[in-house]
Amino acid sequence: MFLPEGSQDETGVQISNRLRAYEIFRQVTYNKSFRQISTPVVEYAQTFTNDVAGMDLLSMLKWFNGEGEIEVLRPDWTTAIARAIAGQHPSKQKWSYQGSVFRFDQENTESRQAGIEIVHADRFFGEAESLLTAIAYLQQLEIDQYVIELGHTGIFEALVAPFAFTELEEEQLLQAMHDKRTDLVEAIVLKAGNAELAESLLALIDAYGSRDIIKQYRQKWSDREDLIEVLTNIEKLIDLLEASGVSEVIVDLGRVKNLPYYDGIMFRGFLTNDGSTCFSGGRYDRLYKQFDITTSAVGLAFDVDVLAKHMKPEQEPDKICILASPETHAIAEKHRIAMDEPVVDIQYELKDQSVYHTVYEVVEEDGQYKVVEK
Ligand SMILES: N[C@@H](Cc1c[nH]c[nH+]1)C(=O)O
């Protein structure tokens, strides 16, 4: 029997690491006073595809229900949680969650996330607390080789705003900026007759690196109050990260949103050894506008599959074995419970003694059963 493309079975270390990653996340967020939230795996497509959320139905696992409505497997936690907590009291601000999302446009159809969402809180607080939680979590996982990247949706949007692009052109431009394809960006913008914009967007593609970039752009944009505000926002977060001992911070002024609902700061964490993205997030106040709520909303989600791949495997404790038989299995089990050892295996037959530190057996003596070392 085969599996559909994008699905796979798993065994062993990847699973135990994932479960540990989930447990450590639960603990870290519990210690920081987050409340747990869970939403159903099956939802209406409309929750994710409406104009505000803006996600692409094509990438979702979907079907029609009996009433002819389209239902999907949860493609995104952030949008589902916004739906779920729109009616909650605003004093509840910090939410944490863990579980799968399903999307066709990723290498694996199912991917596991552990994330946080901070709503109705002070704007800077939400951004700072998101990043500090990410740092605390990585530290608990003993992952220390990573880089945090900061970007902002406001830059591209402010530069493009004065020019008229069709929806399709703007989408193509976003994709080309995302892929840092200078040739495509130039072609799309020049075709629309905006030579001046082409120049600033092409420069932006290279506006990537240490915080010095911000200094340069402060001068370049000195007459643009809106853009200076964006730079200040990014700079304050770099200060916070540096004060927390994270020196590997990258600024990407040319970054465009990877999810349609972002509207403000965007952050990503990359693992240095293979460049994989371990977390991603940002500000998304606009998602709440669909519920007529004007608020601050920001969060991030870890890719738990990526984390599991990079975590050191748990050290295996010494294993003990009790040899039993169908008649003595229950007695062996009683002993196993009483032994208070981390791993006690019960077997009827010893196939490979070398995997055990100590082997016991159940023996009968004067009509009584005893467990003795073999
Ligand atoms: N839902 C986003 C991550 C995120 C959480 N909060 C804000 N953004 C993602 O799947 O990439």
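All residue numbers refer to position in the chain's written sequence, counted from 1. Confidence filtering applies because this is a predicted model: local features only for residues at pLDDT of at least 70, side-chain atom pairs given and counted only at 80 or more, and all residues used for totals across whole chains, interfaces and linings. Computation of side-chain values: all heavy atoms of the structure, hydrogens and water removed.

Enquirer: Can you lay out the sheet that holds strand E14 (residues 343–347) for me, pointing to particular residues and giving the numbers?
Expert: Hydrogen bonds along the backbone pair up the strands of a sheet, which may run parallel or antiparallel. Only strands joined by at least two bridges in the DSSP assignment are considered to pair. Strands are runs of DSSP state E lasting at least two residues, helices are runs of H or I lasting at least four, and both sets are numbered from the N terminus onward. Read from one edge to the other, the open sheet built from four strands follows the order E14-E13-E15-E16, with strand pairing classed as mixed. One side of each edge strand has no neighbouring strand; the edge strands of this open sheet are E14 and strand E16 (368–373). Mean inter-strand twist for the sheet, computed between neighbouring axes without regard to direction, equals 25 degrees. Taken together, the six bridges between strand E15 (residues 358–365) and E16 define a ladder with antiparallel strand orientation. Among the inter-strand pairings, Glu365 is bridged to a residue of E16, identified as Gln368. Helix H12 (residues 329–339) contacts strand E13 (319–323), E14, E15 and E16 of the sheet and is inclined by roughly 175 degrees relative to E14. Orientation is described by lines fitted to C-alpha atoms, with helices fitted over the stretch in contact, and by angles between N-to-C directions that extend from 0 to 180 degrees. Whether two residues are in contact is decided by their heavy atoms: any pair within 4.5 Å suffices.

Enquirer: I'd like to hear about the packing of aromatic side chains, residue by residue, with values.
Expert: To pair, rings of Phe, Tyr and Trp, with the six-membered ring standing in for Trp, must have centres within 6.5 Å; the planes then decide the type, stacked if under 30 degrees apart, edge-to-face if over 60, and tilted in the middle. What the rule picks out here adds up to nine aromatic pairs. When the centroid spacing of 4.9 Å and the interplanar angle of 75 degrees are considered together, the rings of Phe25 and Tyr137 count as edge-to-face. Linking Phe25 in helix H1 (residues 13–31) with Tyr137 in helix H4 (residues 123–140), this pair joins segments that are 112 residues apart in sequence. Think of it in three bands: with a 1.4 Å probe and only protein chains considered, a residue is buried below 20% of the maximum accessible area for its type, exposed above 50%, and partly exposed in between. Tyr137 gets classed as buried once you look at its relative accessible area, which sits at 0%. Among the aromatic side chains, those forming a connected cluster through ring pairs are Tyr261, Tyr262, Tyr284, Tyr288 and Phe291. Ring-over charges, as used throughout, are those where CZ of Arg or NZ of Lys falls within 6 Å of the ring centre and within 35 degrees of the ring normal. Positioned over the ring face of Trp77 is Arg74, at 3.7 Å from the centre of the ring. Across the ring face of Phe34, the terminal group of Lys94 is positioned such that the distance to the ring centre comes to 4.7 Å.

Enquirer: So what's going on with the site of the ligand? Residues and values would help.
Expert: Near the ligand there are 15 residues, and of these Asp76, Thr78, Glu117, Tyr261 and Tyr262 occur at the shortest range. Measuring from a nitrogen atom of the ligand, one finds a side-chain N or O atom of Asp76 at 2.8 Å. For the ligand, whose free accessible area comes to 300 Å², the fraction covered by protein is 95%. Only strand E6 (110–119), strand E11 (277–283) and strand E12 (297–303) provide two or more residues apiece to the shell around the ligand. Under the scheme applied, nonpolar residues are Ala, Val, Leu, Ile, Met, Phe, Trp, Tyr, Cys and Pro; charged residues are Asp, Glu, Lys and Arg; polar residues are all the others, including Gly. Split into classes, the residues belonging to the shell around the ligand amount to seven nonpolar, six polar and two charged. Neighbouring residues are identified by heavy atoms, a residue being near a molecule or strand if any of them is within 4 Å of it. Two N or O atoms form a polar contact when they lie within 3.5 Å of each other; inside protein one atom must be a possible hydrogen donor and the other a possible acceptor, and for residues adjacent in sequence the pair counts only when both atoms belong to side chains. Accessible surface area values rest on a Shrake-Rupley calculation with a 1.4 Å probe, where residue burial reflects the displayed protein chains alone.

Enquirer: Break down the sheet that holds strand E2 (residues 42–44) for me, with residues and values.
Expert: Pairing is antiparallel in the open sheet, where three strands are placed in the order E2-E4-E3. The outermost strands of the open sheet, each flanked by one partner alone, are E2 and strand E3 (62–64). Across this sheet, the average inter-strand angle for adjacent strands is 35 degrees, counted without regard to direction. Judged from the three bridges that link them, E2 and strand E4 (residues 70–73) form a sheet pairing that is antiparallel. Of the residues in E4, the one forming a bridge with Val42 is Leu73.

Enquirer: Outline unusual backbone geometry, listing residues and values.
Expert: For Lys180, which is not glycine, the phi torsion reads 50 degrees and is therefore positive. Note on placement: Lys180 falls in the loop between helix H6 (167–178) and helix H7 (182–191). Owing to a relative accessible area of 31%, Lys180 belongs among the partly exposed residues under this scheme.

Enquirer: Can you lay out the confidence of the model for the protein for me, pointing to particular residues and giving the numbers?
Expert: For residues with low pLDDT, the predicted coordinates do not support detailed interpretation. Summary of the metric used: pLDDT quantifies the predictor's per-residue confidence within the range 0 to 100. Considering every residue of the protein, the mean pLDDT works out to 95; 100% of them sit at 70 or more. We note a pTM of 0.93 for the whole complex and an ipTM of 0.99 for its interfaces.

Enquirer: Could you give an account of the packing of helix H5 (residues 153–160) against helix H10 (residues 225–243), with specific residues and numbers?
Expert: Any two packed helices are characterised by how steeply their axes cross, that is the angle between the axes, and by the distance between the axes. Remark: H5 packs on H10, axes separated minimally by 9 Å, with the N-to-C direction vectors making an angle of 170 degrees. Considering their axes alone, H5 and H10 lie roughly antiparallel with respect to each other. The hand of the H5/H10 crossing is left-handed. Contacts between H5 and H10 involve Gly154, Ile155, Ala158 and Leu159 from the first element and Asp226, Leu227 and Val230 from the second. By residue class, the composition of the contact of H5 with H10 is five nonpolar, one polar and one charged. Between 65 and 115 degrees an angle is taken as roughly perpendicular, under 35 as roughly parallel, over 145 as roughly antiparallel, and anywhere else as oblique. In a left-handed crossing the near helix is turned counterclockwise from the far helix by less than a right angle, and in a right-handed crossing that turn is clockwise.

Enquirer: Talk me through the packing of H5 against helix H8 (residues 195–205); I want residue IDs and the actual numbers.
Expert: One can describe the packing of H5 onto H8 by two numbers: an axis separation of 10 Å at closest approach and a directional angle of 165 degrees. With respect to each other, H5 and H8 are oriented roughly antiparallel. The handedness of the crossing between H5 and H8 comes out as left-handed. Mapping the contact onto sequence places Ile155, Phe156, Leu159 and Val160 in H5 and Leu197, Ser200, Leu201 and Leu204 in H8. Residue composition of the contact of H5 with H8, by class: seven nonpolar, one polar and no charged.

Enquirer: Talk me through the pairing of E4; I want residue IDs and the actual numbers.
Expert: Relative to E4, E3 runs antiparallel, the two being bridged by three bridges. Across the sheet, Trp63 pairs through a bridge with Glu71, a residue of E4.

Enquirer: Lay out a negative patch on the surface with the relevant residues and their values.
Expert: Taken together, the side chains of Asp51, Asp56, Glu167, Glu170 and Glu171 define an acidic patch exposed on the protein surface. As for its position among the elements, Asp56 is in the loop between helix H2 (46–49) and E3. Exposure remark for Asp56: the relative accessible area of 45% places this residue in the partly exposed category. Candidates for patches are residues over 30% relative accessible area with no salt bridge; among them, like charges are joined within 9 Å and nonpolar side chains (Val, Leu, Ile, Met, Phe, Trp, Tyr) within 5 Å. The working definition used for a salt bridge is a side-chain nitrogen of Lys or Arg within 4 Å of a carboxyl oxygen of Asp or Glu. Note that His is not counted, nor are the chain ends; the positive residues are Lys and Arg, and the negative ones are Asp and Glu. By convention, charge coordinates are those of NZ in Lys, CZ in Arg, CG in Asp, or CD in Glu.

Enquirer: Go over the pattern of salt bridges with me, naming the residues and quoting the values.
Expert: Per the counting criterion, the structure on display carries 24 salt bridges. Arg112 is paired through a salt bridge with Asp305; the nearest N and O atoms lie 3.2 Å apart. You can see Arg112 sitting in strand E6 and its partner Asp305 sitting in helix H11 (residues 304–310), a full 193 residues away along the chain. Both residues of the pair, Arg112 and Asp305, count as buried. For Asp239, the salt bridge is made with Arg211, and the minimal N-O distance between the two is 2.8 Å.

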